[in-house]
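Overview (structure and organization)
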Amino acid sequence: MNFLRGVMGGQSAGPQHTEAETIQKLCDRVASSTLLDDRRNAVRALKSLSKKYRLEVGIQAMEHLIHVLQTDRSDSEIIGYALDTLYNIISNDEEEEVEENSTRQSEDLGSQFTEIFIKQQENVTLLLSLLEEFDFHVRWPGVKLLTSLLKQLGPQVQQIILVSPMGVSRLMDLLADSREVIRNDGVLLLQALTRSNGAIQKIVAFENAFERLLDIITEEGNSDGGIVVEDCLILLQNLLKNNNSNQNFFKEGSYIQRMKPWFEVGDENSGWSAQKVTNLHLMLQLVRVLVSPTNPPGATSSCQKAMFQCGLLQQLCTILMATGVPADILTETINTVSEVIRGCQVNQDYFASVNAPSNPPRPAIVVLLMSMVNERQPFVLRCAVLYCFQCFLYKNQKGQGEIVSTLLPSTIDATGNSVSAGQLLCGGLFSTDSLSNWCAAVALAHALQENATQKEQLLRVQLATSIGNPPVSLLQQCTNILSQGSKIQTRVGLLMLLCTWLSNCPIAVTHFLHNSANVPFLTGQIAENLGEEEQLVQGLCALLLGISIYFNDNSLESCMKEKLKQLIEKRIGKENFIEKLGFISKHELYSRASQKPQPNFPSPECMIFDHEFTKLVKELEGVITKAIYKSSEEDKKEEEVKKTLEQHDNIVSHYKNMIREQDLQLEELRQQVSTLKCQNEQLQTAVTQQVSQIQQHKDQYNLLKVQLGKDNQHQGSYSDGAQMNGVQLEEIGRLREEIEELKSNQELLQSQLTEKDSLIENLKSSQTSGMNEESLATASARDSEQVAELKQELATLKSQLNSQSVEITKLQTEKQELLQQTKTFAESVPVQGDGETVIAAKTTDVEGRLSALLQETKELKNEIKALSEERTAIKEQLDSCNSTVAILQNEKDKLELEITDSKKEQDDLLVLLAEQDQKIFSLKRKLKDLGYPIVEEDELESGDQEDEDDENEDADKDQDSI
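Residues numbered from 1 in each chain as written. Predicted model: local features only at pLDDT ≥ 70, side-chain atom pairs only at ≥ 80, totals over all residues. Heavy atoms only, no water.

Things to note about the packing of helix α14 (residues 227-240) against helix α16 (residues 274-290)
Pairs of packed helices are described in terms of their axes, by the angle between the two and the distance that separates them. Relative orientation of the contacting elements α14 and α16 amounts to 15°, with a least axis distance of 10 Å. Compared by their axis directions, α14 and α16 come out roughly parallel. The two elements α14 and α16 meet at a crossing, and its hand is left-handed. On the side of α14, the interface is formed by Ile227, Val229, Glu230, Leu233, Ile234, Leu236, Gln237 and Leu240, while α16 contributes Gln275, Thr278, Asn279, Leu282, Met283, Gln285, Leu286, Val289 and Leu290. (Axes fitted to C-alpha atoms, helices over the stretch in contact; angles between N-to-C directions. Helix = DSSP H or I, 4+ residues; strand = E, 2+ residues; numbered from the N terminus. Parallel < 35°, antiparallel > 145°, perpendicular 65-115°, else oblique. Left-handed = near helix turned anticlockwise from the far one by under 90°. Contact = heavy atoms within 4.5 Å.)

Some details on unusual backbone geometry
The omega angle of the peptide bond from Asn359 to Pro360 is -5°, so this bond is cis rather than trans. Among the structural elements, Pro360 can be located in the loop between β1 (355-356) and β2 (362-363). Even without glycine at this site, Asn208 takes up a positive phi of about 70°. Along the chain, Asn208 falls in the loop between α12 (198-206) and α13 (209-219). Positive phi, close to 60°, is recorded for Asn554, a residue that is not glycine. Tracing the backbone through its elements, the reader meets Asn554 in the loop between α31 (532-550) and α32 (561-571).

Re empty space enclosed by the protein
Per the counting criterion, the structure on display carries 5 cavities of 30 Å³ or more. As a volume, the largest cavity reaches approximately 80 Å³. Contributing to the lining of the largest cavity are Arg342, Tyr387, Gln390, Cys391, Tyr394, His446, Pro597, Asp610, His611 and Glu612. The set of elements that each furnish at least two residues to the lining of the largest cavity consists of α22 (379-393) and α35 (611-629). (1 Å grid on protein atoms, 1.4 Å probe; cavity = no way out; pocket = protein on both sides within 12 Å on 5 of 7 lines; lining within 4 Å. Points joined across faces, edges and corners; volume = space filled by probe spheres on them.)

Details of the packing of helix α20 (residues 345-353) against α22
Closest axis-to-axis distance for the α20/α22 pair is 9 Å, and the angle between their directions is 125°. By the criterion of interaxial angle, the relationship of α20 to α22 is oblique. Contacts between α20 and α22 involve Gln348, Phe351 and Ala352 from the former and Cys388, Cys391 and Phe392 from the latter. Per-class residue counts for the contact of α20 with α22 are 5 nonpolar, 1 polar and no charged. (Nonpolar A, V, L, I, M, F, W, Y, C, P; charged D, E, K, R; others polar.)

Some thoughts on the environment of Ile160
Its place among the elements puts Ile160 in helix α9 (residues 154-163). Overall, the relative accessible area of 7% leaves Ile160 in the buried class. For Ile160 and Glu122, which are 38 residues apart along the polypeptide, the C-alpha to C-alpha distance reads 9.2 Å. Sequence-distant contacts of Ile160, defined by excluding residues within four places in its chain, comprise Ile118, Gln121 and Val124. (Buried < 20%, exposed > 50% of the residue type's maximum accessible area, 1.4 Å probe, protein only.)

A closer look at the side chain of Ser50
By secondary structure assignment, the location of Ser50 is in helix α3 (residues 36-50). At 2.7 Å, the side chain of Ser50 and the backbone oxygen of Lys47 are in polar contact. Not counting the four nearest positions on each side in its chain, Ser50 is found in contact with Val57, Thr85, Asn88 and Ile89. (Polar contact = N/O pair within 3.5 Å; in protein donor to acceptor, adjacent residues only side chain to side chain.)

As for the environment of Asn576
Here Asn576 shows up in helix α33 (residues 574-586). What makes Asn576 partly exposed here is its relative accessible area of 23%.

Here's the deal with the layout of surface pockets
Reported here for the second largest pocket is a volume of approximately 580 Å³. Along the wall of the second largest pocket there are 26 residues; nearest its centre are Arg288, Ser292, Glu339, Lys596 and Gln598. Mapped onto the lining of the second largest pocket, the elements with two or more residues apiece are α16, α19 (327-341) and α22. Element by element, the count of residues in the lining of the second largest pocket is highest for α22, at 5 residues.

Focus: the packing of aromatic side chains
Per the stated rule, a full pass over the model turns up 13 aromatic pairs. A centroid spacing of 5.6 Å and a plane angle of 90° characterise the contact between Tyr590 and Phe609, whose relative ring orientation is edge-to-face. Within this pair, whereas Tyr590 is found in helix α34 (residues 588-593), its partner Phe609 is found in the loop between α34 and α35, the two being separated by 19 residues in sequence. Judged by relative accessible area, which is 10%, Tyr590 ranks as buried. Site record: aromatic cluster; members linked through ring pairs are Phe206, Phe210, Phe249, Phe250 and Tyr255. Over the face of the ring belonging to Tyr87 we find Lys144, whose NZ or CZ atom lies 5.2 Å from the ring centre. The ring of Trp272 carries the charged tip of Lys276 above its face, separated from the ring centre by 4.8 Å. (Phe/Tyr/Trp six-rings, centres within 6.5 Å; stacked < 30°, edge-to-face > 60°. Lys NZ or Arg CZ within 6 Å of the ring centre and 35° of its normal.)

As for the pattern of salt bridges
Following the criterion strictly, the structure yields 22 salt bridges and no others. Residue Asp37 is joined to Arg40 by a salt bridge in which the shortest nitrogen-to-oxygen separation is 2.7 Å. Note that Asp37 and Arg40 are positioned in helix α3 at a spacing of 3 residues, about one turn of the helix. Since its relative accessible area comes to 45%, Asp37 is described here as partly exposed. Across the salt bridge formed by Glu133 and Arg73, the nearest N and O atoms sit 3.6 Å from each other. With Glu133 in the loop between α7 (121-130) and α8 (136-152) and Arg73 in the loop between α4 (54-71) and α5 (76-90), this residue pair connects regions lying 60 residues apart in the sequence. For Arg73, a relative accessible area of 34% translates into the label partly exposed. One continuous salt-bridge network, built from bridges that share partners, spans Asp37, Arg40, Arg44, Asp75 and Glu77. (Salt bridge = Lys/Arg side-chain N within 4 Å of Asp/Glu carboxyl O.)

Some thoughts on the confidence of the model for the protein chain
Mean pLDDT over the protein chain stands at 81; residues scoring 70 or higher make up 76%. A low-confidence stretch, residues 717-728 (pLDDT under 50), is modelled with 17 contacts involving residues beyond four sequence positions or located in other chains. Note on residues 828-839: pLDDT is under 50 here. Beyond four places in sequence and across chains, it has 2 contacts. (pLDDT = per-residue confidence, 0-100.)

Section: α35
Helix length check: α35, at 19 residues, gives a terminal C-alpha distance of 29 Å against a target of 27 Å (1.5 Å per residue), a fit within 8%. Remark: the principal bend of α35, roughly 35°, maps to Leu620. Of the surrounding elements, those touching the buried residues of α35 are α25 (434-448), α28 (488-502), α31, α32, α33 and α34. Regarding α35, its N-cap is Asp610, as a side-chain oxygen of that residue lies 3.3 Å from the backbone nitrogen of Glu612 further along. (Expected span 1.5 Å × (residues − 1). Bend = angle between axes of the 7 residues up to and from the residue.)

In structure tokens form, the structure reads like this:
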């Protein structure tokens, strides 16, 4: 206890002792008093002492205060006093000044008491439950206390809240509180809660935080709002920065569109308060968080497109071209626009079309470049313009071409009324300001980045250096300035431009080497022993000379690769050359520039390296070192091997294309086969259904036949009685008449047959009569035709006669049977009169039944006829289906034949590829024997080839299965 009292330095022992006793008594009252009023008064007294005697109250009263929170929840007043007391103990915000020797210990009290409080996790859970109380005297001190806990030991408290059920959701309710004090402090609480904790950030975002925060910003007046808007923007940054999930949720929730009103600030010269400037800074930074180059490319691209579609980019460009905008806001706006357009072709095209509100209108790019090359402009503004220009040209070959075209003779405005971007860059490149030289050189280098076409086009640029002297090329003028010994920053900028220009461009290397003074200048610079400041320039000169060797196509006989290497070995030494080359990557500013694309330098003197140039150095340093140590024979062999490999690569790529085409054809054929299979299965299903239907119809037909046979038998039982009436007698008479008619027809046909026979005999006899040869031939041909016709008619008549004879015989047989039945029935019937009456009645009954049976028989015949027709139609459908199946089977056979041919072609191609692979393998082995390291791309290429062979084998298996 004495030690703890000693920590309260600056107070005498007497008063301390008195206050400690007072605090002890108050704690005893809180713990033992049975009346709520007594406990409430004691807690109020502890609260009043907690600010001045923080340590004593914290040590003695914390446990009792926590107990009050647990047991006296029904009384909001005592709960509020307890929360305020705990806040005073834990918070460092209102500490009184103490002596210097105890400052650190006093500041440590907050974290120590916080650690004691959260040691029992139930205390934090209890505090979260108290925040559900709507009473102001409970909720507000609870919010302040939890905020203080998070400030003291944020990660530990965050973890407790994260595992607490509905912990984050309870805190989100604070944003909906109608009392602004609690809502605003709730925003501060969520700031501390979401700091550096991705899991809590996601939960808060999915608890509709974006919607609520944007509503608060709108209610407070957007950028014209107060400190509350600032707090909301900071919370939004916590939720979005380095959190890809929340960024995607923010974009898909259409919240980017709600950011546009933030930047409707106009071009007024007044109204830029300090709070408004702060708010706009945070708003611009929030936009940059969504389109930062460090984000995944897909997420950044989608946010950039959304910002263009909703008009946010257009609004930012309006601020960019407005008047009266503070310099720091203008600088941050330029940086924001830079990242919104970086790598997005649509946004870059729009930015190229933006004009400044001047008379006549000038492109925004030209206006910005004027600021960049103007040494009177602030340094940070010039850096921002350079970054904007770099982002405009990043992966934008169209923009690169437009910038370079402004330097070409055919596009330069002869009247001089307008200044182009190219002219501004040239002016900055050769001005007296070294920073302008560096910025212009880097900007021009970005116009050539990864664009061989523009590197060649820039060789056409001619500059008039002075009146009366012939123009010189831009390349020559750059080397002239280098040789004049200008400032280091200027020389570094020009060397970076030349290295970017000559890399991957043999034509530019040839132009550079064509000037006989360039190589001696570079070797002289590298060979000299200069101070540390010049080492960087020596390293860049070594890089430029190495590029001239590595990308040399040996078109100049005086500057071939081997001669330049010999020159390096004689005048510099290979080891010394490589050592000077290594100075670049070892420079401290090199590592700083390689971290991020934005040129962010504390002072103009630190602007030495460009981010894209550091990538180029990293790419070329190794290959240049290898190129310097290679001999001429190795170079020749390497070139021969490269040519051979290129030829083989062309052959392999040709076969790859063929295989890809065949794979596509095979895939199409497979799809066709699968389609035909499906159609075949459908048709087979239809045939099966039709066969089952036919079987059903057959069964119905057989059932009807059976029923008809039973009806005929039933009818036969009554036939004896029917023979006595006049119906059968009439039918017999009708049959007799038909027989007589058939007999007459037969006699008529017989007479016609006789006539035909006589005619045939006459024709035969007429053939023997005397006639000349021609008439005989004609008559014989005519007679033979007539004979054939007559024979055909005779055969027809005979068939008709035979059929009629069969019918006559059948009718006669039926007649005899009817007569026999009539006779039998007449003999069996008695002759009495009463019997005749009975017979008449029976006959009437039989006639009725007979007529009914005849009617039913007629209906059955009609049904049989209909079924026969239906069966005929079904049979026709079945025949049609069978023909379709046959056609499909023929197509399938054709496809299988085509697949077999394709397989044979693939086998032939695979054999050829195997031979090519064997040749490539032998060549690689030769390269290894010669000490040439095999590049990893070749190995990857061979791996791709093996993968494609595996795919072809799988395709063959699929074809076999088909």
